[in-house]
Structure formats: C-alpha cells, structure tokens
Amino acid sequence: AHKAQLLQYLQMTPQTEYSVVSLTAFFANKVEHESRHCNGKGLQRQGSSSFERVYTANQNCGHAYPTFLAVLWCAGLLCSQAPAAFAGLMYLFVRQKYFVGYLGESTQSTPGYLFGKRILLFLFLMSVAGILNYYLIFFFGSDFEIHIKTITSAISPLLLIP
C-alpha cells in the first residue's frame, strides 16, 4: 500500500514543480520589469524604492520555497495527500498575495506572511503526525492512519479562515 502511495505521489511531481516554477517566473518577471522601468537598462540591483520592494519580495519568496517543498512532500508522503495538496495550493496563493502586498505598503504583506506561516505549520504538524504514526505502528502495532487522515481532512478547510 505504501509503495503504491509513493508511486502515486511521485507522479504528482511535475505538477508541483510546474506550479513553483511558474510562480517563481512570475516573480522574476516582476523584478525584471521593475528594474527596466526604474533604470531603463537591464537588471541592476540599485534602483528606486519600488524596485527594492519587488526585489526583496522575490528574494523572500525564493528563500521560503525549499522549506515549503520539504514540508509539503513530507506531509503528503507521511500523512495524507489530499489535505497536503490543498494546503500546498493555498500556500502558493498566499505567497502570491504576500508578493503583491509587499509591492504596496509594508502592512499589506503581513496577512499573506502570517497566513503562509500558518499553512507551513499545518504541513509540519501533518508530517509530525505521520512520523508519530509510523513509530506507533513500529513499536506498538497500532495504526492510526485512518484517524489522522480524517482529522487532517476535516481541519484543512479551516485554512481558508483568515
């Protein structure tokens, strides 16, 4: 059962990579556009305050992706795929909101940032629950996978509450 689940999840790899690459390309395009708009030349690090905001938002999003991908994969492999996929899509939407909010006032990016942290925490807790279930099976022979999947499936829609 676990091999079939792993193979099914590995088949989802191209979709995960595509969504991350497309969002990263969008952010990079914004940085390049803002750089050319401010400087009239190619990509340069110095620029106006709007370019600095775009560049910083792009860097922040780029630095968050390895953590996101790690907890997304762990939550999907170790716990349940459907809530992990839902949380992953929500996270990509929230990072877009964070990026756009960062272009405005500094307070506009805060809701996206906090929402993203909450989604990462949910994915991390799913991973921990999956690891804990593995050890419960290994040491005690008790499998709580059905209960964990039920709980995570019930909790994942709560991520929509701001």
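Remember, it's a predicted structure, so these values are computed and weren't measured experimentally. (Residues numbered from 1 in each chain as written. Predicted model: local features only at pLDDT ≥ 70, side-chain atom pairs only at ≥ 80, totals over all residues. Heavy atoms only, no water.)

Let us now look at the packing of aromatic side chains. All told, the structure shown has seven aromatic pairs when counted by the stated rule. Note on tyrosine 134 and tyrosine 135: the rings are 5.4 Å apart at their centroids and 70 degrees apart in plane angle, and the pair reads as edge-to-face. Linked through ring pairs, Tyr134, Tyr135, Phe138 and Phe139 together constitute an aromatic cluster. Against the face of tyrosine 98 rests arginine 95, its NZ or CZ located 4.6 Å from the ring centre. (Phe/Tyr/Trp six-rings, centres within 6.5 Å; stacked < 30°, edge-to-face > 60°. Lys NZ or Arg CZ within 6 Å of the ring centre and 35° of its normal.)

Attention now goes to the UniProt feature "transmembrane region" (unreviewed entry) in the protein chain. As annotated in UniProt, the feature "transmembrane region" (unreviewed entry) corresponds to residues 68-94 and 119-140 in the numbering used here. Between the C-alpha atoms that bound residues 68-94 the distance is 12 Å, and the span itself is 93% helix and 0% strand. What you have in residues 119-140 is 100% helix and 0% strand, and the ends, taken at the C-alpha atoms, are 31 Å apart. (UniProt positions renumbered as here; feature names shortened; annotations may be inferred. Helix = DSSP H or I, 4+ residues; strand = E, 2+ residues; numbered from the N terminus.)

Before going further, it helps to examine a nonpolar patch on the surface. A grouping of Leu77, Leu78, Ile131, Tyr134, Tyr135, Phe138, Phe139 and Phe140 is seen on the molecular surface, where their side chains present a nonpolar patch of about 880 Å² in accessible area. Among the elements that make up the nonpolar patch, the one with the highest residue count is helix H5 (residues 110-140) (six residues). Position of leucine 78 relative to the elements: it lies in helix H3 (residues 49-78). (Patch = residues over 30% accessible without salt bridge, like charges linked within 9 Å, V, L, I, M, F, W, Y side chains within 5 Å. Areas by Shrake-Rupley, 256 points an atom, 1.4 Å probe, with all protein chains shown as cover. Salt bridge = Lys/Arg side-chain N within 4 Å of Asp/Glu carboxyl O.)

Relative orientation of the contacting elements H3 and helix H4 (residues 81-103) amounts to 175 degrees, with a least axis distance of 10 Å. Looking at the two axes, H3 sits roughly antiparallel to H4. In the contact of H3 with H4, the residues fall into 15 nonpolar, six polar and two charged. (Axes fitted to C-alpha atoms, helices over the stretch in contact; angles between N-to-C directions. Parallel < 35°, antiparallel > 145°, perpendicular 65-115°, else oblique. Nonpolar A, V, L, I, M, F, W, Y, C, P; charged D, E, K, R; others polar.)

Turning our attention to the pattern of salt bridges. What the rule picks out here adds up to one salt bridge. One salt bridge connects lysine 149 with glutamate 145, and the closest N-O pair in it is separated by 3.3 Å. In this pair, lysine 149 and glutamate 145 both sit in helix H6 (residues 145-155), four residues apart, roughly one turn of the helix. Assessed through its relative accessible area of 30%, lysine 149 is described here as partly exposed. (Buried < 20%, exposed > 50% of the residue type's maximum accessible area, 1.4 Å probe, protein only.)

This part covers the confidence of the model for the protein chain. Averaged over the protein chain, the pLDDT score is 76; the fraction of residues at 70 or greater is 70%. Within the protein chain, H5 carries the highest mean pLDDT (89), whereas helix H1 (residues 2-11) carries the lowest (53). (pLDDT = per-residue confidence, 0-100.)

Here we take up the nonpolar core. With 26 residues, the main nonpolar core has Phe68, Ala84, Ala87, Tyr91, Ile119, Leu123 and Met126 as its most contacted residues. Taken together, the elements giving at least two residues each to this core come down to H3, H4 and H5. Of all the elements, H3 adds the most residues to this core, at nine residues. For tyrosine 91, the contacting residues outside a window of four places in its chain are Ala64, Phe68, Gly116, Ile119 and Leu120. (Core = buried A, V, L, I, M, F, W, Y, C linked by side-chain atoms within 4.5 Å. Contact = heavy atoms within 4.5 Å.)

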